[in-house]
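Examining the three-dimensional arrangement
Here's the letter readout for the chains.
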Amino acid sequence: MATTLTDIAIACGVSKATVSRVLNNDSDFSVSPQTRNEILSAAIAMNYDMEKQLRSKKKQNLPPLAERPKQASFKIGILSHDLTDKTTGDDYYNQIFSNIISTLNNPSLPYHFEFRHSFRDSYEDLDGLDGLIVLGKLCLNPFHPIMSSIKYKLAVDYKAPGNVFDSVRVDFQEAVDIVISYFHSLGLFDIGFVGSYDYITDFNTGKREKRTECRQEAFINYCLHNNIDPQKKIWITDSFASQDGYRITDAMIREGRFPPAILYAADDLALGAYKAFQEHRIEIGKDVSIIGIDDLYFTSFLSPPLTTVSLNIPLIGVTAAHTLLSQLQGRAYPLTIHTPIRLVERKSCRAI
């Protein structure tokens, strides 16, 4: 049975009208970022037909065809190696992607977009595009003739090469600083870090290069500025998956090396840590304080609820869409935009 607005409303504890206005990106409707994120996450997790909602809105609000202004048409490529076929609410890139598409499909815009999502690892495959959104950790040559021919370009969740076109991303240095300051305010100064490597894919060759991830770099900087040996405070896994968070936390506990405060670079890593600590009868929020990054939908349902840095993931997608629109409206200079983040205090930390 297809998911309805009522199903999402019940799951999120809000009204059907609230769900409808959030999914329609109603600019006149005020709702907290957390509620908006929960609704969007639930819609994705429950495999709700977002296109159906948009078609319904168009049918209700658009004037007769003869009365509509002519729309400029653009072919937009969305290039990503990080999107999945899953429709899980905790999928970072799927949430961003969904909000880019829904924002650009707003029927009040004077533009019509034809989206392309599937590409081979070949610059020739990008030929003929008016615009390109690079979503995720992809390395491209901005000076390739075909790339140069694409007028409107935008990198999301990664820095544009040479900053020659727009970037919309999270300032993870700020996220790490927020966590460390919060731990310090609780009297916690022995802090550990659990993260993952970064993997950057070369678009032309498809080869993946392992690099130090920006959250790890930020924590290393903190250690070096405070005369702390990073090697004794940092644990790195192969991915941000919960099973890796479980595996590395279990090893830390068995070795007797886990610090009283731990920053997990992603909520999924922290989710795995919950299982490891519970198996060893170590109480989170009492025996150890932990903080994640993302504010994914499940974090408020953990026991105890997880303190985390909210990235407001849907806003990343909305901001990316509006950044592209500002290019279409004539802005010619590149921008680097860091979307706002905030700490969500819950029960996984305790002052000493």
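Preceding this paragraph is the structure being described.
The structure contained in this document is the topic of the report that follows. Numbering of residues starts from 1 in every chain and runs along the sequence as written. In view of the model being predicted, local features appear only for residues whose pLDDT reaches at least 70, and side-chain atom pairs are presented and counted only at 80 or more, with totals across whole chains, interfaces and linings using the full set of residues. By convention in this description, side-chain values take in all heavy atoms of the structure and omit both hydrogens and water.

With that settled, the discussion passes to the packing of helix H5 (residues 92-104) against helix H11 (residues 313-328). To characterise two packed helices, one gives the angle between the axes of the helices and the distance between these axes. Axis lines are fitted through C-alpha atoms, for helices just across the contact stretch, and the angle between N-to-C directions can take any value from 0 to 180 degrees. In this description a helix means any DSSP run of H or I spanning at least four residues, a strand means any run of E spanning at least two, and both kinds are numbered starting from the N terminus. Across the interface, H5 lies against H11 with an axial gap of 7 Å and an inter-helix angle of 40°. Judged by the inter-axis angle, H5 sits oblique to H11. For H5 against H11, the interelement crossing comes out right-handed. Where H5 abuts H11, its residues Tyr92, Gln95, Ile96, Asn99, Ile100, Thr103 and Leu104 lie against Ile313, Pro314, Ile316, Gly317, Val318, Ala320, Ala321, His322, Leu324 and Leu325. Here the residues of the contact of H5 with H11 sort into 12 nonpolar, 5 polar and no charged. Roughly parallel means an angle under 35 degrees; roughly antiparallel means over 145; roughly perpendicular covers 65 to 115; every other angle is labelled oblique. Each crossing gets its hand from how the near helix is turned against the far one by less than a right angle, where anticlockwise is left-handed and clockwise is right-handed. Should any heavy atoms of two residues lie within 4.5 Å, those residues are considered in contact. Here the term charged refers only to Asp, Glu, Lys and Arg, the term nonpolar to Ala, Val, Leu, Ile, Met, Phe, Trp, Tyr, Cys and Pro, and the term polar to all other amino acids, Gly among them.

What counts as a salt bridge is simple: a side-chain nitrogen of Lys or Arg found within 4 Å of a carboxyl oxygen of Asp or Glu. For the structure on display, the rule yields 12 salt bridges. Between Arg257 and Glu255 there is a salt bridge, with the nearest N and O atoms lying 2.9 Å from each other.

With mixed pairing, 3 strands are arranged side by side in an open sheet as S4-S8-S9. Both edges of this open sheet fall to strand S4 (138-139) and strand S9 (208-211), since each of them pairs with a single strand only. At least two DSSP bridges between two strands are needed for those strands to be called paired. Here 4 bridges tie strand S8 (residues 198-202) to S9, and the two strands are oriented antiparallel to one another. Along S9, the bridge assignment pairs Tyr199 with Lys210.

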